[in-house]
Amino acid sequence: QQLVTIGETMVSFVPQSNEPLRYGTTLKMCIAGAESNTAVGIQKLGGTASFITRLGDDCFGQYILRMIRAEGVDTAHIKFDPEHPTGIMFKEPLPNQETAVHYYRLDSAASHMTPDDIPEDSIKSAEIFHFSGITPILGKSCRDTIYSAIETAKSGKTAISFDPNIRKKLWKDQDFTALMKELASMSDYVLLGLEEAAVLYGTKEISRIISNVFSSSSVKFLAVKNGSAGAWVCDSDHTFFIPPVDCRCIEPTGAGDAFNAGFLSGILKSKPLEICGTIAAVCGSKATETPGDIESLITERELNDILNH
Ligand code: KDG
């Protein structure tokens, strides 16, 4: 596969109206998970992706497997854990067009992943190993799993792609800033939000973010995402501002993962850096047009139609 990624996928219950959950709004069953979102995004853009996780041996785990496999993602290395449940989450609309997330994922199957769950060959044979900062904070065994996958990627020719995906709700009272910075410094591609850059590097000034991130010699490309205000894509010598793309935003969760899928699919097709940024911006903006995370990830044909008009 071109891209391999490891993470937790949850069943996500998505409200069908703007009512707060405490009034018993109708919910639709969807899937959510930063890494599986990106894997599905790559696959829809004509690439090949493999997703590694543990699911509970329950109806939710079976649903997630069906959903991911239906998109063509390689699921051969997904394991079912008979002892722990599949994580679930609920989205709740907030008055200011933002979304609150309620997690029920403590002690989930995915949080019990271990380095033994990761087939070395599939990491070594991939062009890119992508992960987010969510997985290594799910627990010690998940952290070990990610470090082991990084080591395997580094022992081969697999590029490492990292998005810190900071979820303060999961950080609770722990500070994972140092861990996130270390993981970024070990990566080839660092894809992060402007707000996340401010948390990690104490600045929102793009030139200072660039000098912080590129102080590690392993980093080759950086993307800084700023939602509806656009993005920057950089290598150590060039910075391109990528203007925002028009969309009819309904719910923004997952836009960053879609941006990553677009960016990495451009890299996989050896496109110039600025074009990778443009593809990423189109994918990210279009991903906001449905309430779920993956339903509005665009296909290669849709991308080409947008780029050509
Ligand atoms: O990036 C979107 C993710 O945040 C969402 O799909 C859920 O992965 C998720 C998480 O752990 O919050």
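As shown above, the structure is provided for reference.
For clarity, every value in this text was computed on a predicted model and none was experimentally measured.

Student: Can you walk me through the packing of aromatic side chains in this structure?
Tutor: For the structure on display, the rule yields nine aromatic pairs. Centre to centre, the rings of Phe 13 and Phe 60 are 6.0 Å apart; their planes meet at 80°, and the pair counts as edge-to-face. Of this pair, Phe 13 sits in strand E2 (residues 10–15) while Phe 60 sits in helix H2 (residues 59–70), and the two are 47 residues apart along the sequence. Members of the aromatic cluster, each reached through a chain of ring pairs, are Phe 13, Phe 60, Phe 90 and Tyr 104.

Student: What exactly am I supposed to notice about the site of the ligand here?
Tutor: Neighbouring the ligand are 15 residues, the closest being Tyr 103, Arg 105, Arg 167, Asp 257 and Asp 293. Within the backbone of Ala 34, one N or O atom sits 2.9 Å away from an oxygen atom of the ligand. Within the side chain of Asp 293, an N or O atom sits 2.5 Å from an oxygen atom of the ligand. Taken by itself the ligand offers 320 Å² of open surface, and the protein chains cover 96% of this.

Student: Just to check I follow, could you spell out the nonpolar core for this structure?
Tutor: General note: in soluble globular proteins, nonpolar side chains tend to be found buried as a group. Ile 42, Ile 128, Phe 263 and Leu 264 are the most contacted members of the largest nonpolar core, which has 46 residues in total. Look past the residues within four positions of Phe 263 in its chain and what remains in contact with it is Leu 191, Phe 221, Val 233, Leu 273, Cys 276, Gly 277 and Ala 280. The next biggest cluster of nonpolar side chains, apart from the first, holds 45 residues, and it includes Ala 34, Phe 131, Leu 179 and Ile 206.

Student: I tried to follow the environment of Asp 107 on my own but got confused; where do I start?
Tutor: Mapped onto the elements of the fold, Asp 107 is located in the loop between strand E8 (99–104) and helix H3 (120–124). The exposure class of Asp 107 is partly exposed, given its relative accessible area of 45%. Setting aside chain neighbours within four positions, we find Asp 107 in contact with His 84, Pro 85 and His 112. Among the polar contacts listed, one links the side chain of Asp 107 to the side chain of His 112, at a separation of 2.6 Å.

Student: In this structure, what is going on with the packing of helix H9 (residues 255–268) against helix H10 (residues 273–286)? I would like to understand it.
Tutor: Pairs of packed helices are described in terms of their axes, by the angle between the two and the distance that separates them. Remark: H9 packs on H10, axes separated minimally by 7 Å, with the N-to-C direction vectors making an angle of 150°. Viewed along their axes, H9 and H10 adopt a mutual orientation that is roughly antiparallel. Judged by the sense of rotation from one axis to the other, the crossing of H9 with H10 is right-handed. Across from Ala 255, Ala 258, Phe 259, Gly 262, Phe 263, Ser 265, Gly 266 and Ile 267 in H9, the residues of H10 making contact are Leu 273, Cys 276, Gly 277, Ile 279, Ala 280, Ala 281, Cys 283 and Gly 284. Of the residues assigned to the contact of H9 with H10, the class counts are eleven nonpolar, five polar and no charged.

Student: Hey, could you run me through the sheet that holds E2 in this one?
Tutor: In a beta sheet, neighbouring strands are held together by backbone hydrogen bonds and run either parallel or antiparallel to one another. Taken in spatial order, the four strands of this open sheet run E3-E2-E7-E8, and their pairing is mixed. Only two strands of the sheet have a single neighbouring strand rather than two, namely strand E3 (27–32) and E8. Each strand axis lies, on average, 25° off the axis of its neighbour in the sheet, ignoring direction. Alignment of strand E7 (residues 88–93) against E8, held across six bridges, turns out to be antiparallel. Its bridge partner lying in E8, Pro 93 is registered against Thr 99. Together, E2, E3 and E7 form the strand contacts of H2, whose direction differs from that of E3 by roughly 65°.

Student: Looking at this model, I keep getting lost on the state of the cysteines. Mind explaining?
Tutor: Covalently bonding the sulfur atom of one cysteine to the sulfur atom of another cysteine gives a disulfide. Enumeration over the complete set of coordinates arrives at zero disulfides. There is no disulfide at Cys 249, and the cysteine sulfur nearest it, in Cys 247, is 5.6 Å away.

Student: Which parts of the structure should I look at to understand the pattern of salt bridges?
Tutor: For side chains of opposite charge, pairing can occur when their charged atoms come near one another. If you walk through the whole model with that rule in mind, you get 13 salt bridges. We note a salt bridge from Lys 91 to Asp 293, for which the minimum N-O separation is 2.7 Å. Placement of Lys 91 in strand E7 and of Asp 293 in the loop between H10 and helix H11 (300–308) is noted, with a sequence separation of 202 residues between them. The residue Lys 225 makes a salt bridge to Asp 163 at a minimum N-O spacing of 2.7 Å. A residue pair is termed long-range when its members are at least 10 positions apart, and Lys 225 in strand E12 (residues 221–225) and Asp 163 in strand E10 (residues 159–163) qualify at 62 residues. The burial state of Lys 225 is the same as that of Asp 163; both residues are buried.

Rules behind the numbers
In this numbering scheme, every chain counts its residues from 1 along its sequence in written order. For this predicted model, a pLDDT threshold of at least 70 governs which residues receive local features, and a threshold of 80 or more governs which side-chain atom pairs are given and counted, while totals over whole chains, interfaces and linings are taken from all residues. Excluding hydrogens and water, the side-chain figures rest on all heavy atoms present in the structure. Stacked, edge-to-face and tilted labels apply to pairs of Phe, Tyr and Trp rings (six-membered ring for Trp) whose centres lie within 6.5 Å, assigned for plane angles under 30 degrees, over 60, and everything in between, in that order. A run of H or I in DSSP counts as a helix once it spans at least four residues, and a run of E counts as a strand once it spans at least two, with each numbered from the N terminus. The rule for a residue being near a molecule or strand is that one of its heavy atoms must lie within 4 Å of it. Side-chain atoms alone can form a polar contact between residues adjacent in sequence; in general such a contact is a pair of N or O atoms within 3.5 Å, and within protein one must be able to donate a hydrogen while the other accepts it. In this description, accessible areas are obtained by the Shrake-Rupley approach with a 1.4 Å probe, and a residue is regarded as covered only by the protein chains that are shown. For our purposes a nonpolar core is just a set of buried Ala, Val, Leu, Ile, Met, Phe, Trp, Tyr and Cys residues, chained together by side-chain atoms within 4.5 Å. To sort residues, take the accessible area from a 1.4 Å probe on protein chains only and compare it with the maximum for the residue type: under 20% means buried, over 50% means exposed, and anything in between is partly exposed. Note on contacts: a residue pair is in contact if any heavy atoms of the two residues lie within 4.5 Å. Lines are fitted to the C-alpha atoms to define the axes, a helix being fitted only along its stretch in contact, and any angle between axes, read from their N-to-C directions, falls within 0 to 180 degrees. Working rule for angles: under 35 degrees goes down as roughly parallel, over 145 as roughly antiparallel, 65 to 115 as roughly perpendicular, anything else as oblique. By the definition used in this description, the sense in which the near helix is turned from the far one sets the handedness, with an anticlockwise turn below a right angle giving left-handed and a clockwise turn giving right-handed. Charged means Asp, Glu, Lys or Arg here, nonpolar means Ala, Val, Leu, Ile, Met, Phe, Trp, Tyr, Cys or Pro, and polar covers whatever is left, Gly included. Pairing between strands requires that DSSP locate at least two bridges from one strand to the other. Only a pair of cysteine sulfur atoms within 2.5 Å qualifies as a disulfide here. In the sections that follow, a salt bridge refers to a side-chain nitrogen of Lys or Arg positioned within 4 Å of a carboxyl oxygen of Asp or Glu.

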